[in-house]
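Structural characterization, general
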Amino acid sequence: MLGCTLQGYLMNDIDLQDWDYQIKGNFRKAIMRDFQNFHIFVEADLQSSLSRLMRQFIIKNENPHWRVYNQPYQRSKSKELGIYPDLLVTKRKDRRIALELKQSALRESRVPFKKVNEDISKLGEIGDSLSIPTYLVYSCYLSQEEEETQLEQLESTAMGFRKPPEVVLINLRNLNDHGAWRNRMFEHLKQIQELYGGGII
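The structure contained in this document is the topic of the report that follows. Source: prediction; values computed, not measured.

Reading the values: the criteria
By convention here, each chain's residues receive numbers from 1 onward along its written sequence. Local features in this predicted model are restricted to residues whose pLDDT is 70 or higher, and side-chain atom pairs enter the listing and the counts only when it is 80 or higher, whereas totals over whole chains, interfaces and linings include all residues. For the side-chain quantities, the full set of heavy atoms in the structure was used; hydrogens and water were omitted. Segments assigned H or I by DSSP are reported as helices when at least four residues long, segments assigned E as strands when at least two residues long, and all are numbered from the N terminus. Throughout this description, buried means an accessible area under 20% of the type-specific maximum (1.4 Å probe, protein chains only), exposed means over 50%, and partly exposed covers the range between. A 1.4 Å probe that fits into a set of points on a 1 Å grid over the protein atoms alone but cannot get out defines a cavity; an open set with protein on both sides within 12 Å along at least five of seven lines defines a pocket, and lining residues are those with an atom within 4 Å of a point. Grid points are joined across faces, edges and corners, and a volume is the space filled by probe spheres set on the points. Three classes are used, and their members are as follows: Ala, Val, Leu, Ile, Met, Phe, Trp, Tyr, Cys and Pro are nonpolar, Asp, Glu, Lys and Arg are charged, and the others, Gly among them, are polar. Expected helix span is taken as 1.5 Å per residue step, with the number of steps being one fewer than the number of residues. By arc we mean the arc of the directions from the helix axis to the C-beta atoms, nothing more. For this analysis, residues touch if any pair of their heavy atoms sits within 4.5 Å. As used here, the term nonpolar core means buried Ala, Val, Leu, Ile, Met, Phe, Trp, Tyr and Cys residues forming a set that is joined through side-chain atoms within 4.5 Å.

Moving on, we come to unusual backbone geometry. Of note in this structure, Arg 92 is not a glycine but carries a positive phi near 50°. The residue Lys 93 is not glycine, and still its phi comes out positive at about 75°. Looking at the secondary structure, you find Lys 93 in the loop between β6 (87-91) and β7 (94-103). Lys 93 sits in the exposed class, given a relative accessible area of 81%.

Quick look at the structure:
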């Protein structure tokens with residue numbers, strides 16, 4: 001990143017490669033830690049965690065040109081329908097990156113893989129329409145075989161678009177803690193469900 005000045009103070013330039021590196025690397029690791037510390041349970045928690053990380057990255061580089069928005073409304077050019085990416089990143093009001101999030105870890109009945117794959121199509125449409133990079137951040141709890149199968153299907157769907165969405169898969173089964181996280185996560189999800197009157201979360 002190159003330093004430049006704006007209204008008398010030094011700021012760091014941020015480009016799409018920087019965002020790509022952060023989303024696939026540092027942000028992914030930080031989200032994994034939030035899961036380990038039981039700060040993330042459902043998709044809203046995942047969205048809160050990632051949007052916080054992205055805004056902190058902007059603040060760290062003192063670059064006010066970039067903004068992160070939660071679920072802004074977008075309209076597809078090829079279809080008469082509204083599309084809402086979970087997160088939209090802009091620079092000087094230009095749309096630059098769109099992200100969809102899915103939290104399926106230990107919630108497979110609530111967030112089936114079919115919905116995850118549908119988000120790839122949604123992102124592909126956004127990417128082709130706006131000519132911007134798109135990312136699916138997908139947290140799950142899968143065996144190695146299941147992970148490979150699902151990743152292959154997601155990438156196959158992505159290749160049907162001119163600008164294929166990137167898949168950032170976070171498999172919580174890779175924690176290698178002999179199932180301790182899984183057991184505690186189930187306990188937390190049960191407690192949250194009771195707090196919400198027994199509703200499915």
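Roughly 170 Å³ of internal volume is contained in the largest pocket. Around the largest pocket, the lining residues are Leu 106, Arg 107, Glu 108, Ser 109, Arg 110, Phe 186, Leu 189, Gln 193, Ile 200 and Ile 201. Grouping the amino acids of the lining of the largest pocket by side-chain chemistry returns five nonpolar, two polar and three charged.

Moving on, we come to helix α4 (residues 144-158). What sets the pattern is the α-helix's 3.6 residues per turn: residues three or four places apart point alike. Its 15 residues place the ends of α4 21 Å apart at the C-alpha level, agreeing with the 21 Å of an ideal helix rising 1.5 Å per residue. Among all positions of α4, only Gln 150, Leu 154 and Ala 158 are buried. Along the axis of α4, the buried residues cluster in a sector spanning 80°; they form a single face. Away from its buried face, by an angle of more than 90 degrees, α4 presents the exposed residues Gln 144, Glu 145, Glu 152 and Ser 156. Buried residues belonging to α4 abut α3 (113-130), β8 (134-140) and β9 (166-171).

What follows covers the environment of Asp 13. For Asp 13, the position within the fold is in the loop between β2 (9-12) and α1 (16-36). Given a relative accessible area of 30%, Asp 13 falls into the partly exposed group.

Moving on, we get to the nonpolar core. Among the nonpolar cores identified, the biggest contains 38 residues, and Trp 19, Ile 31, Leu 50, Met 54, Leu 99, Leu 172 and Trp 181 are the most heavily contacted of them. Every element with two or more residues in this core is listed here: α1, α2 (43-60), β3 (66-70), β6, β7, β8, β9 and α5 (180-195). With seven residues, α1 is the largest single contributor of residues to this core. Excluding its chain neighbours within four sequence positions, the residues that come into contact with Leu 172 are Met 32, Phe 35, Ala 105, Ser 139, Cys 140, Tyr 141 and Trp 181. In this structure, Val 111, Leu 136, Ala 158 and Leu 169 belong to the second largest nonpolar core, which totals 13 residues.

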